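Per-entry structural report
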Amino acid sequence: MEEKPAKKIFIQIVKQLHDLIAEQNIQEGQKLPSERVLSEQLQVGRSSVREALRSLELLGLIETRHGGGTYLASMKHH
């Protein structure tokens, strides 16, 4: 059974975000680029970026502060 293309894109974005965090040496507690910037860097739609960020937040890898952006959470247990 094949995966839906949207699911593949979502998984790919999560991997790209992980790579981006490593490449830019973003540390725990530091702010991630905005959805707009991420969508431009990864060349995907903002809704796809938002979905990937939401899943990372549910996993406890990032935290979103209303009106304040998205920050890298502690990754010691991941």
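Please read these numbers as outputs of a predicted model, since none were measured by experiment.

A closer look at the environment of Glu-28
With respect to the element layout, Glu-28 can be found in the loop between α1 (5-23) and α2 (35-42). The sequence separation of Glu-28 and Tyr-71 amounts to 43 residues, and the corresponding C-alpha distance is 7.6 Å.

Some thoughts on the nonpolar core
Across soluble globular proteins, nonpolar side chains show a tendency to be buried alongside one another. Counting 15 residues, the largest nonpolar core has Leu-17, Leu-32, Leu-38, Leu-53, Ile-62 and Leu-72 as its most contacted members. Taken together, the elements giving at least two residues each to this core come down to α1, α2 and α3 (46-58). Once residues within four sequence positions are removed from consideration, Leu-32 is found in contact with Ile-21, Ile-26, Leu-53, Ile-62, Thr-70, Tyr-71 and Leu-72.

A word on the environment of Gly-29
Here Gly-29 shows up in the loop between α1 and α2. The partly exposed category is assigned to Gly-29, whose relative accessible area is 43%. In this view, Gly-29 contacts Tyr-71 and Leu-72; residues no more than four positions away in its chain are not counted.

Topic: the side chain of Ser-55
One can find Ser-55 in helix α3. Given the relative accessible area of 18%, Ser-55 is considered buried. Ser-55 has contacts with Phe-10 and Val-14, leaving out every residue within four places of it along the chain.

Conventions adopted
Residues numbered from 1 in each chain as written. Predicted model: local features only at pLDDT ≥ 70, side-chain atom pairs only at ≥ 80, totals over all residues. Heavy atoms only, no water. Helix = DSSP H or I, 4+ residues; strand = E, 2+ residues; numbered from the N terminus. Core = buried A, V, L, I, M, F, W, Y, C linked by side-chain atoms within 4.5 Å. Buried < 20%, exposed > 50% of the residue type's maximum accessible area, 1.4 Å probe, protein only. Contact = heavy atoms within 4.5 Å.

Scope: geometric values only; no functional claims are made or implied.
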